[in-house]
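# Results of the structural survey
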Amino acid sequence: MKTFRGMEIRPYCQVSDLPRVRIDRVRVQVRRTLFGETEYDIIGTMGEAGVGWPVCRPLDKLDEVWPEVQRVERMIENERRRQEDENARSGMAAPEGAV
């Protein structure tokens, strides 16, 4: 029985090269910098309580955030469908209620 394994990404980091991780959802975190500016981080996680990984560079404008979140959610949905099709072709149907 196979379930959705998540979409594999390379987390965004300016300083080091992070290993690839799997995510199945995204959220937006808002933070204020030391200079008083507001930044929006798009964070991908695997599961409800999973470790958060930055998906892209921090964004400055709120109107840039939602199109990026929707783009990443579409990519996750496309990966879920691809894995579902792969499971169906291999004869392993996804269980009912699987994400």
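This text goes with the structure placed above it.
Presented here is a report on the structure given in the accompanying data block. Nothing here was measured: the structure is a model prediction, and the numbers come from that model.

Parameters at a glance
Residues numbered from 1 in each chain as written. Predicted model: local features only at pLDDT ≥ 70, side-chain atom pairs only at ≥ 80, totals over all residues. Heavy atoms only, no water. Pairing = 2+ DSSP bridges. Helix = DSSP H or I, 4+ residues; strand = E, 2+ residues; numbered from the N terminus. Contact = heavy atoms within 4.5 Å. Axes fitted to C-alpha atoms, helices over the stretch in contact; angles between N-to-C directions. Patch = residues over 30% accessible without salt bridge, like charges linked within 9 Å, V, L, I, M, F, W, Y side chains within 5 Å. Areas by Shrake-Rupley, 256 points an atom, 1.4 Å probe, with all protein chains shown as cover. Salt bridge = Lys/Arg side-chain N within 4 Å of Asp/Glu carboxyl O. Lys, Arg positive; Asp, Glu negative; His and termini not counted. Charge placed at Lys NZ, Arg CZ, Asp CG, Glu CD. Polar contact = N/O pair within 3.5 Å; in protein donor to acceptor, adjacent residues only side chain to side chain. Expected span 1.5 Å × (residues − 1). Buried < 20%, exposed > 50% of the residue type's maximum accessible area, 1.4 Å probe, protein only. Core = buried A, V, L, I, M, F, W, Y, C linked by side-chain atoms within 4.5 Å.

As a further point, take the sheet that holds strand S5 (residues 53-54). Read from one edge to the other, the open sheet built from 3 strands follows the order S3-S4-S5, with strand pairing classed as antiparallel. Here the strands that pair on one side only, and so sit at the sheet edges, are strand S3 (25-32) and S5. Two strands pair when backbone bridges link them, and S3 and strand S4 (residues 38-45) are joined in this way by 8 bridges, in the antiparallel orientation. Residue pairing for S4: Arg-27 is matched across the bridge by Ile-43. Packing against the sheet, helix H1 (residues 62-89) makes contact with S3 and S4, and its axis sits at approximately 160 degrees to S3.

On to a negative patch on the surface, then. On the surface, a cluster of negative charge is contributed by Glu-37, Asp-60, Asp-63 and Glu-64. Inspection of the secondary structure assignment puts Glu-64 in helix H1.

With that settled, consider the side chain of Glu-79. When you line up the elements, Glu-79 lands in helix H1. A polar contact is formed between the side chain of Glu-79 and the side chain of Arg-82, at a distance of 2.7 Å. In contact with Glu-79, other than residues within four places in its own chain, are Phe-4, Gly-6 and Met-7.

This next bit is on H1. Since there are 3.6 residues in each turn of an α-helix, residues three or four apart along the chain are aligned in direction. With 28 residues, H1 extends 41 Å from end C-alpha to end C-alpha; this agrees with the ideal 40 Å at 1.5 Å per step. Of all the residues in H1, the buried ones are Val-65, Glu-68, Val-69, Val-72, Ile-76, Glu-79, Arg-80, Gln-83 and Asn-87. The inward-facing, buried residues of H1 contact strand S1 (7-9), strand S2 (21-23), S3 and S4. Two residues or fewer past H1, Gly-91 is found with a positive phi of approximately 85 degrees.

Within the secondary structure layout, Val-51 lies in the loop between S4 and S5. If we ignore the near neighbours within four places in the chain, the residues touching Val-51 are Gly-44, Thr-45 and Met-46.

Take the pairing of S4 next. Most of S4 sits inside the fold, with 7 of its 8 residues counted as buried. Linking two consecutive strands that pair antiparallel, namely S3 and S4, is a turn of 5 residues; a positive phi of about 85 degrees is found at Gly-36 within it. In this sheet, S5 lies alongside S4 in antiparallel orientation, the contact comprising 2 bridges. From the neighbouring strand, Gly-44 faces S5, where its bridge partner is Trp-53.

Another point: the nonpolar core. By size, the foremost hydrophobic cluster in this structure holds 15 residues, and its most contacted members are Ile-9, Ile-23, Val-26, Ile-42, Val-55, Val-72 and Ile-76. At the level of elements, S1, S2, S4 and H1 are the ones that each hand at least two residues to this core. No other element matches the 4 residues that H1 contributes to this core. Dropping the residues within four chain positions of it, Ile-42 is found in contact with Val-26, Arg-27, Trp-53, Pro-54, Val-55, Cys-56, Leu-59, Val-65, Glu-68 and Val-69.

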